Structures are given as structure tokens and as C-alpha cells.
Amino acid sequence: MSNIKLGVEVISAHDLFHRDKQNSCSPFVELKFDNQIFRTTTKPNDPNPVWHESFFFLVPDPSFLSTRTLEAHVYSYQDGTDAKPFLGKVRVNGTSFVPRSEAAPFNYPLEKRSVFSRARGELGLRVFITDEPSITPSFQESPRAYIPSPRRSEPVRSSLNTADANMMSAGGNRTELTKPKTRTLYNVTPSVNQQQPTTMNYGMQEMREAPPRVVQYNGPAPPSDFSVKETSPLLGGGQIIGGRVVRGTKRLASGTYDLVEEMRFLFVRIVKARDLPDRDLTGSLDPFVEVKIGNFKGVTTHLDKNSDPEWNQVFAFAKENLQSNVLEIVVKDKDLILDDYVGTVRFDLNEVQSRVPPDSPLAPEWYRLENKRGEKKRAEIMLAVWEGTQADEAFGDAVFSDSLTSSDTSNIISANLRSKVYHSPRLWYLRVRIIEAQDVIIVSDKSRPPEAFVRIQIGNQMLKTRVSQRTFHPTWDQEFMFVVAEPFEENLVLSVEDQSAPNRDEPVGKAVIPLAAIEKRVDDKKFRSRWFHLEDSISDAMDEDKAKKVKFATRIHVAAALEGGYHVFDESTYYSSDLRPTAKPLWKKQPIGVLELGILNANGLHPVKTRDGKGVSDTYVVAKYGHKWVRSRTVINSLSPKYNEQYTWEVFDPATVLTICVFDNGHFSAGNGRDTTIGKVRIRLSTLQSGRVYTNAYPLLVLQPSGLKKRGELHLAVRFTCTSVSNMLMKYTKPLLPKMHYTQPLSVNLQEMLRVQALNIMVARLGRSEPPLRREVVEYMTDAKTHLFSMRRSKANFYRFTAVFSGVMSVWKWMGQVCSWRTPVTTALVHVLYTMLVMFPEMILPTVFLYMAVIGLWNYRFRPRFPPHMDTKLSYAESVNADELDEEFDIFPTMKDPDIVKRRYDRLRIVAGKIQSVVGDIAAQGERVQALLSWRDPRATAIFVTFCLIIAMVLYITPFKLFAILSGYYFMRHPRLRHRIPSTPLNFFRRLPAMTDSML
């Protein structure tokens, strides 16, 4: 049995809510952990009580300790009654339990029990873990009613019910289920002088005399490995408990990095050197600098033939990983065989000063180099050494110790390791309307009218019009849409060609239109058209002087405009991070809030590559929201990397999604050099409470051909701060997309095609940055391949569809039970309610909306405590077979074996056949409804028309309420009044003809 115990010291509370007639309270605290409950003494008429009482809980299984929760409920004792007025509660997650030596007292803010309860103030606790054999778990007693005190001057002590005490029994290393009753130790003592309860001492003595008891955890099952876990890290802004910052735990002086853990670094800035000695025969040196501390070494770039080199590079060494107290800066000469020693400078780390922003940057100084014998030389090096945190300005440009390898790092010291911020280009829709052309003459045969068409090309995007009839003045009048990006580096090229043969196109002329010269519009007003002369080549078409001299030539009539009123989708519409139009004049001037993301760390990562005989990962994190992409620094050779980087975005719409992905840097691996995906996290901003700090560990899930894999966990801290509540609430009443999407909408197929074009432009532009965001990174972040067919995703969507309508089906089944009189009392109540609604129809809508309001308030108790994450069951990822996964990850077009493709095609035919049958049945029912009045079946239509005339006369003379009541009663009639055969209206409907018999 485990010897680990959870210790809780209840210190004090202050500013508690007043609940009695004396405008005060008599508080006591109940501690609950793993079916064990203890209670402190009662402090009468004291809203600021002080206890200093300690309790020790038994921990049956330490492996589940991080999944447990300690609850502390504060109540007020009322004399002469069994009521316990609630004053507040505190929940402490198991992930924040620390050893006794590291535990510190914290003032936890008291939370409400429900939306209607009232709570205020704070409770001071000290929670820790201990395995000291001398400490025994506290004793707990069976719960009982409160014992009121006959006289306030005489304390009352509760007696122990030893008959109900479930003692420990020795034996066995594995815990066994005893299912004891939950027992609580109550010490009702109005005396202020009594600090420790007598019954507690007696209970502990009895525990020492009794044999140990074996306990097994019989609470809820531990959460799945794929679930999100709430954490309580100690960040720069303070300890986070339940989304709130605990008072008195702030660590960083600057509030810029309050969502990440404080990390101490030793910064070394190498600026330049001067008066370096020359080589003996070859002249100037090829100098570089090595920065060494312990086993870590950073190397600057080497400069060819330079006696006064300048590097201006910064190195950062994590203080927690330093293995030496001496910093060495060695200047060397690059040589093909052996690097020559030039000189060194040494620093004692105990003498290095600290720097805290907003202090100005530390000024570098000149230091004379020493040779191997310790003699000072003329050569000098300018550098600066200081201690700082990630709030330092040099943090973004530094090369970190966890990003260095043991090899020569002159090629590794590059932007591929550093954290960077990217801004995606502003995308525009280009609408091109090809109207007509004049005097289209073929040079080779001027007498033959051409079959002309126009090829429109912008960069890699190319579309063409239909082929016109044989004429010298062809007309097309077709519109095309393209995606272009600022700055406009490409031209719109129009090429008129003649289809002289089925596979042969002969060019007639070209026209080039610079994108910067095209008109921009932000609404649906008409844009003007222009005539352009066609030239033989692109260079001639771009020559404006030559175009002005031409008096007679082939011309093309074109209308083009840059659409600024649309939002250009570069990611999936379901989790888009920005919904604003392209044109900046249409943007709202003020954002509705600020989104802050703290990338803390990752743990439990799986190795992606092998280096020096062991599995490692070189990971970095990419986050995207709106036009801003951020990339964290790459941590080399670590399966538990720590990033502690914080980023901020402005929020203009709450119905947007923040996407965070983890990748393995392929820059340092031999092979194709592709960055490997490790996992993804999506957070929808509308699910976040304003001002709350969400600290969670998200599982990194990735679907591979071998199945669903968990690659580790990513710890994040997220906070959404609303700057204008009224503007945010008004957003829920505004259209989701800009106005142009509704006044001049684009088809779904066109939007999907434009999204692919926008993605290609985004990949090209971000790939030109340094370090580049590669294609696989951008595609994975934007879910570029979700439109491809997947049997797994199809099944998941089908189950989502059935889940949406499961409520309707449940109501229908319940109504069937009412009609079958399975529960006569329920059926009678339904009759009464139905009669009331028919007699008072004005109560129908108020009843419906009141019911929905009550259901919404009831569900408030079960609201999510943290943002939703990837649901493996909803995605149908846990039960998918290998063949379906192999099909999902197959490229398009497929390159699989023909037998495999044939088998998958047959399976797809079976599924499509079932869908075809269901759609046909639905269409048949609709056609039968149309056949009622179409006279396709003359007798059926005559019967229906006669029935309608009779019903019309009956309803004219019958009150509508009476007809409604009789119809409802007939529908809910007793089973004895029903027949097992189908009803007459149903038989009549099934005999109506459908169009099925007219299909081939």
C-alpha cells in the first residue's frame, strides 16, 4: 500500500459573506478528497477566521493523483438548526499538488456553487504531498446531524462512532474495494480559544492503535488519454486556479508575459572584434567565435579574410541547464584541417548582472583577449553578458542552448531555429468579364473566319472561354474569377487563339493588363469596360508607346475589377479565423477584444527521428489567427520541450477559430526534409469566457494510415479579453460574411476553386519568408484536403446527422407511447395539456419559449469548463479499419494497385446504391403528394377532390377548437379503439402513383 498522503493546512479566510441575523457568520470548512471528508472547527461570528489546522488524506493509488480534485467547502454554522448556509468553495486540481518543501500558502478565491448562490472572499490553504512515515492519515467519522450548543460559553464535542469506523486492514500491495460509507469528522465548538479539536486527537490515536485499512478508489473512472486536462501552472502573472489568478503569486514584473512561465536565461551578445592578428603566410584570418558554458557551445558565422569582423549575434543559455559557473568566449580562425586558437575571454557567472525590461539594453564593452598562457593580447572583442527572461528584447533574435547541437553550428545558427511572426498577404478577388473582340484575323489564312477563344492567365492560374462560332467579330460575354495578392507583382494576360484543329490552337494576339491599373470596387455597382489592342508578343503588348501608334488592329473588349467587398477564404469556412472583407475601408475601426496565447510546453512527445542512437524530436509550434501567423523557436533533441512564448491578436469577430499545430523540424534530418505533423489544437473564441485564463493540456492527436495516434500533450494558456461588450453582443446580430457575399453571392463550387487558388498563393508567399513556412505546414494548418472523399468522415457526418435528429425521434417515440397508453397517467396529463393549449391558443408560444428558457437554465449546470477539443468518437477515428484509412491517405489521382482500386470502387458503388434508393424513396413520396391533384390517377384525384369539398363544408360550420380537440383525441385514442391494419388515409396515399414507373 502506498505511503503517500495528501496534506492540507487550512490557514484562514477573510471577507466571507454574512449569513446570520447578527450580520456575521460562523464559518467552518469541509475538505473532500477521494471519498474522504474532514471538517475544521467552527469560528463563531467571525467573517475573517483563522484556523491553522492540518489534515492528511490517504492516497490509495499515486498514479491517479493528478486526476483527483481536492474540494474545500465553506459553510456557516447556525445554532438550533441542521441547515448549512453555503459561503463558497475551492477546487484544487491534482496537477498542482507539490512536495511539502515546495508548498506555499495560497489565497484561493471562493467560487459559487450555482448561478443563484452567493459567495465572496478568499480561503487560505497550503496543499502538499508527503511520504513521511511519522505522519498518519487523519480519522474521519460517520456523518451525523449538527449538535447545537446549549450554552455558548461551554464547548460541545462530538463523540466518535467507532462501530461505524472502517479500519485499515493489513495485507496486499494492491488496493481492494471495501466501499465504505463516506465519514465526516464534525467538531462543533463555538469557543474561540479552542484551536485544535479534541476529537481529532482521539481519532488519530485510535488510528494508530488500529491495523491499517486497505482502501480502493471507487469514484469516477479516470479520464481518457484523448481528453483535455485542466492544469494549474505557476505563470508570470501568478498561480492559475480555475481560470483565475491567485492573489500574491505574481512573478514577472512586466505584464507582457503573464501567460507563460518565467524562464531565466544567460544572454551573450557577440558584437565585433578588432586588431586580430594575421596568419603567418596567408594574411588575414577567417575568424569566428565559440561561446562555451559547460557542455553547451554556440558558434557564430565565420567571416573570410577580415581582421575587424562584425557578427552581432545573440546566444541564450537556459539557467536551469547550466552545468558550469564559467563562461568562455573563444575566438578562432577557420581552417580546413584544424581551427587555430586566437584568444579567449572568461566570465564568472556569479558576477553577471541581471536586467529587467523596460530597462534599456545593456551596452556592450571591449574585452582584451588572452592567449593560452593567460597573457593579454592587443586583440579585443566587443560583447555584453547579462541575465534576463523571455521579456528581454534579445529573446526573439537569440540562438538558444536547447537549439544547439554538438556539431559545428555555423550552418545551424539560422532563422530556421528562431521564433518568428508572419503576416499573410492581403488577397483580392479579380473579376474578369470577356465581352467580345473585333477584327480577329488569322495571319496564315486571312479569308477564313476563326473559331476564337480567349485564354486568361495570371501567374499559375489559367482559364479560357468557350469557343465562338466562325466569325471575325466573336462574342463571349463570360465572367471569370481569380485570386491575386498584394503587392501586385503579376499581370493579367489575355491571349486570343484560334482552334484550327481539335488539338491545335493558333495564337492571334495578346493583351497585358497590369493589376495595379485595374479598378477596385467595394460594392455591387457596375464597373467600366475597356478596349485593348492585341499584339504579337507579351513584350509588344506591354509597350504603351507602340500601342498608341497603332491605328487599326485586333481589339478585345474586357471589363475587370478587383473585388474588395468579399472575404477571400484561404481556409475552411467552418473554422475560419478571419471574416473581414478585403478592402480596409470596410473594416471596423475598433476590435471587440484581444486574444492572448501562451505556448507553455509539450510533454510525452514521440520520437520522430534517430540521432546518436536514440529517438529525438526537433519540435516547434505554429499558431494562426487572422492574417497573423506565429512560429515558436525550435527545441532540438527534446521530447519535453519548453517554449514559454506569448503572442497577442486583435479580435474582430467571436465566431472565429484559433489554430495551433506542432511540427517536427525536418531541416536537420536526412531525407526529403519535410516537416512532420505531430498534432493540432483548435479553439473557438465564442466558447471562451471573457477575462478567464484557460490553462489546459491538449492531447496531440494525429490520424495516420496505421490508425489514431497520440503524439503527446501540448500545454497552453489562453485568455480572451473583451474590450467592448456591446460591440461583441451586436456582432451576434450582424451577418457572418461581408455584404457582397449576399448581394452578389458566389457558388459553392466557385468558392472551393478560389480557395485552392488562395492556398497556393499563400504557400508561395509564406515560403519566401525566412524561415519559410513550408507547404505541408500551411496545408495542415488550413485543412486543405478536407474536401477529398473519406469513408471515415462520411460515416462520422452520417452519425452527426442522426444525432441532430435524435431528439425529434425521441419525441416521436414518446408520443407513440402516449398514444399506446403505456402510462395512463402521462397520457391523461397530455390530454389535459392539449385541451388547455387548444382552448387558449395564445399560450402556445409563451409555453414553448418558457420551456426552452428553463431547459437552457437547467443545462447551465452542465456547461463545458474548458474549450472543446478533437472528439475521437465523433470523428469515427477509434473504430475505423485499415483499408478505409489507407484510402483516406491515398493521393489524388490514385496510384494504388488496380485490384485495390476495383475493390474500393465496388464498395463505393454499394454505399452509393443505398443512398440512391433512399433518395428515390423520398422522391416517390413527394410525387405521390403531387399526384393528389395532378389527375394522373383520375379516380384517386376525384376521391380526394370530393373529400376536400366535404371537409370544407364541415369545417365551415364546425368551430375550429372543437375540430382540433376531436382530432387530437382521435390521434391519442386508446389501443382498444385502434386496428392493427393501416388506416384508410395511409392506404389511399400508398396507392397513389409515382414517377418511378417512368424511369428507365
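For clarity, every value in this text was computed on a predicted model and none was experimentally measured.

1. Quick word on the overall build of the chain
Move 1: In terms of regular secondary structure, the chain is built from 16 helices and 42 strands.
Move 2: A total of 1000 residues make up the chain; the buried ones form 44% of that total.
Move 3: Taking contacts inside the chain between residues at least 6 apart in sequence as the whole, the part at least 24 apart equals 70%.
Move 4: Accessible surface, the chain: about 53500 Å² in total, of which carbon and sulfur atoms supply 55%.

2. With respect to the UniProt feature "transmembrane region" (unreviewed entry) in the chain
Move 1: UniProt annotation of "transmembrane region" (unreviewed entry) refers to residues 828-858 and 942-971 when read in the numbering used here.
Move 2: Structurally, residues 942-971 comprises 93% helix and 0% strand, and the distance from its first C-alpha atom to its last is 26 Å.

3. Section: the packing of aromatic side chains
Move 1: In the structure shown here, the tally under the stated rule is 22 aromatic pairs.
Move 2: Relative to phenylalanine 55, the ring of phenylalanine 38 has its centre 6.0 Å away and its plane inclined at 15°; by these criteria the two rings are stacked. Taken together, the residues span a long stretch of sequence, with phenylalanine 38 in strand 3 (residues 36-41) and phenylalanine 55 in strand 4 (residues 50-58) at a distance of 17 residues. An identical accessibility class is assigned to phenylalanine 38 and phenylalanine 55; each is buried.
Move 3: Where tyrosine 75 meets phenylalanine 86, the ring centres are 6.1 Å apart and the plane angle is 70°; that geometry is what we call edge-to-face.

4. Quick look at the sheet that holds strand 39 (residues 657-664)
What holds strands together in a sheet is hydrogen bonding between their backbones, with the strands either parallel or antiparallel.
Move 1: Read across the sheet, five strands follow the order 23-37-36-39-40 without closing on themselves; strand pairing throughout is antiparallel. The open sheet terminates on both sides in strands that have one partner only, identified here as strand 23 (420-423) and strand 40 (676-684). Strand-to-strand twist in this sheet, taken as the mean axis angle between neighbours without regard to direction, amounts to 15°.
Move 2: The pairing of strand 36 (residues 619-625) with strand 37 (residues 628-631) spans four bridges and is classified as antiparallel. Looking at the pairing, alanine 623 lines up with valine 630 of strand 37.
Move 3: Set on the sheet, helix 7 (residues 775-782) makes contact with strand 36, strand 37, strand 39 and strand 40; between it and strand 39 the angle comes to about 145°.

5. Some details on unusual backbone geometry
Move 1: In this structure, the amide linkage connecting glutamate 486 to the following residue, proline 487, adopts the cis form with an omega of -10°.
Move 2: You can see proline 487 is positioned in the loop between strand 27 (475-485) and strand 28 (491-501).
Move 3: Glutamate 770 connects to proline 771 through a cis peptide bond whose omega is 5°.
Move 4: Mapped onto the fold, proline 771 is located in the loop between helix 6 (748-766) and helix 7.
Move 5: The residue aspartate 275 is not glycine, and still its phi comes out positive at about 60°.
Move 6: Within the element layout of this structure, aspartate 275 appears in the loop between strand 14 (265-274) and strand 15 (287-293).
Move 7: We classify aspartate 275 as partly exposed; its relative accessible area is 34%.

6. A short note on helix 15 (residues 960-971)
Move 1: Over its 12 residues, helix 15 runs 16 Å from end to end, which matches the ideal 16 Å to within 8%, given 1.5 Å per residue.
Move 2: Of all the residues in helix 15, the buried ones are Ala964, Ile965 and Gly968. Here the buried residues of helix 15 occupy an arc of 95° about the axis, which is enough to place them on one side. Relative to its buried face, helix 15 has exposed residues pointing more than 90 degrees away, namely Leu966 and Tyr970.

7. A few points about the nonpolar core
Move 1: Counting residues in each nonpolar core, the largest one holds 33 residues, and the members touching the most others are Leu595, Leu597, Trp649, Leu658, Ile660, Leu714 and Leu716.
Move 2: By residue number, the principal contributor to this core is strand 42 (residues 707-722), which donates five residues.
Move 3: The contact partners of leucine 595, leaving out residues within four places of it in the chain, are Tyr625, Tyr647, Thr648, Trp649, Val651, Leu658, Leu685, Leu688, Val718 and Arg719.

8. Remarks on a nonpolar patch on the surface
Move 1: On the surface, a nonpolar cluster with roughly 700 Å² of combined accessible area is contributed by Ile844, Leu845, Val848, Phe849, Tyr851, Met852 and Ile855.
Move 2: When you line up the elements, tyrosine 851 lands in helix 11 (residues 844-859).
Move 3: The class of tyrosine 851 is exposed, set by a relative accessible area of 57%.

9. As for empty space enclosed by the protein
Move 1: Scanning the model with the defined rule gives 10 cavities of 30 Å³ or more in all.
Move 2: Within this model, the largest cavity holds a volume of roughly 160 Å³.
Move 3: As for the largest cavity, its lining consists of 19 residues, of which His567, Val568, Asp570, Asp578 and His627 are closest to the centre.
Move 4: Taken together, the residues that form the lining of the largest cavity break down as six nonpolar, seven polar and six charged.
Move 5: Secondary structure elements with two or more residues in the lining of the second largest cavity: strand 31 (529-533) and strand 32 (555-563).
Move 6: Among the elements that line the lining of the second largest cavity, the one with the most residues is strand 32, at three residues.
Move 7: Each residue belonging to the lining of the second largest cavity can be placed in one class, and the counts come to seven nonpolar, no polar and three charged.

10. A closer look at the pairing of strand 8 (residues 122-130)
The side chains of a regular strand alternate between both faces of the sheet.
Move 1: Counted residue by residue, strand 8 has eight buried out of nine residues, so it is predominantly covered.
Move 2: In this structure, strand 1 (residues 5-14) lies alongside strand 8, joined through nine bridges in antiparallel fashion. The partner of lysine 5 across the bridge, within strand 8, is threonine 130.
Move 3: Where strand 7 (residues 106-109) lies against strand 8, four bridges are found, and the strand directions are antiparallel. Looking at the pairing, tyrosine 108 lines up with leucine 123 of strand 8.

11. Re the sheet that holds strand 8
Move 1: The four strands lie next to each other as 4-1-8-7, forming an open sheet whose pairing is antiparallel. One side of each edge strand has no neighbouring strand; the edge strands of this open sheet are strand 4 and strand 7. Sheet twist, expressed as the average angle between the axes of neighbouring strands with direction ignored, equals 30°.

12. Re the pairing of strand 5 (residues 69-76)
Move 1: Judged by how many residues are buried, strand 5 sits mostly within the fold: six of eight residues are covered.
Move 2: Of the pairings in the sheet, the one linking strand 2 (residues 27-33) to strand 5 comprises six bridges and is antiparallel in character. Among the inter-strand pairings, proline 27 is bridged to a residue of strand 5, identified as serine 76.
Move 3: As paired elements, strand 5 and strand 6 (residues 86-93) share seven bridges and run antiparallel to each other. When the sheet's bridge partners are listed, valine 74 is paired in strand 6 with glycine 88.

13. As for the confidence of the model for the chain
Move 1: Per-residue confidence for the chain gives a mean pLDDT of 81; residues scoring 70 or more make up 85%.
Move 2: This model gives residues 141-224 a pLDDT under 50, and the stretch forms 172 contacts once residues within four places in sequence are excluded.
Move 3: Contacts for the low-pLDDT stretch residues 406-413, under 50 throughout, to residues beyond four places or in other chains number 19 contacts.

14. Some points on the packing of helix 9 (residues 806-819) against helix 10 (residues 824-839)
Two packed helices can be described by the angle between their axes and the distance between those axes.
Move 1: One can describe the packing of helix 9 onto helix 10 by two numbers: an axis separation of 8 Å at closest approach and a directional angle of 100°. Classed by the angle they form, the pair helix 9 and helix 10 counts as roughly perpendicular. Note on element contacts: helix 10 touches helix 9 through Thr826, Thr827 and Val830, opposite Trp814, Gln817 and Val818.
Move 2: Its residues placed into classes, the contact of helix 9 with helix 10 shows three nonpolar, three polar and no charged.

15. Quick notes on the environment of lysine 420
Move 1: Locating lysine 420 in the fold gives a position in strand 23.
Move 2: Counting along the chain gives 24 residues from lysine 420 to glycine 396, while the straight-line C-alpha distance between them is 7.5 Å.

16. Some thoughts on the side chain of serine 572
Move 1: Residue placement: serine 572 occurs in the loop between strand 32 and strand 33 (593-603).
Move 2: Judged by its relative accessible area of 7%, serine 572 falls in the buried class.
Move 3: When sequence neighbours within four positions are dropped, the list of residues in contact with serine 572 reads Arg755 and Thr782.

17. Topic: the side chain of asparagine 644
Move 1: In this fold, asparagine 644 is placed in strand 38 (residues 642-651).
Move 2: For asparagine 644, a relative accessible area of 1% corresponds to the buried category.
Move 3: At a separation of 3.1 Å, a polar atom in the side chain of asparagine 644 contacts the main-chain amide nitrogen of glutamate 261.
Move 4: Filtering out sequence-adjacent residues up to four positions away, asparagine 644 remains in contact with Val260, Glu261, Met263, Gln390, Ile599 and Leu600.

Basis of the calculations
Residues numbered from 1 in each chain as written. Predicted model: local features only at pLDDT ≥ 70, side-chain atom pairs only at ≥ 80, totals over all residues. Heavy atoms only, no water. Helix = DSSP H or I, 4+ residues; strand = E, 2+ residues; numbered from the N terminus. Buried < 20%, exposed > 50% of the residue type's maximum accessible area, 1.4 Å probe, protein only. Contact = heavy atoms within 4.5 Å. Areas by Shrake-Rupley, 256 points an atom, 1.4 Å probe, with all protein chains shown as cover. UniProt positions renumbered as here; feature names shortened; annotations may be inferred. Phe/Tyr/Trp six-rings, centres within 6.5 Å; stacked < 30°, edge-to-face > 60°. Pairing = 2+ DSSP bridges. Axes fitted to C-alpha atoms, helices over the stretch in contact; angles between N-to-C directions. Expected span 1.5 Å × (residues − 1). Arc of directions from axis to C-beta. Core = buried A, V, L, I, M, F, W, Y, C linked by side-chain atoms within 4.5 Å. Patch = residues over 30% accessible without salt bridge, like charges linked within 9 Å, V, L, I, M, F, W, Y side chains within 5 Å. Salt bridge = Lys/Arg side-chain N within 4 Å of Asp/Glu carboxyl O. 1 Å grid on protein atoms, 1.4 Å probe; cavity = no way out; pocket = protein on both sides within 12 Å on 5 of 7 lines; lining within 4 Å. Points joined across faces, edges and corners; volume = space filled by probe spheres on them. Nonpolar A, V, L, I, M, F, W, Y, C, P; charged D, E, K, R; others polar. pLDDT = per-residue confidence, 0-100. Parallel < 35°, antiparallel > 145°, perpendicular 65-115°, else oblique. Polar contact = N/O pair within 3.5 Å; in protein donor to acceptor, adjacent residues only side chain to side chain.

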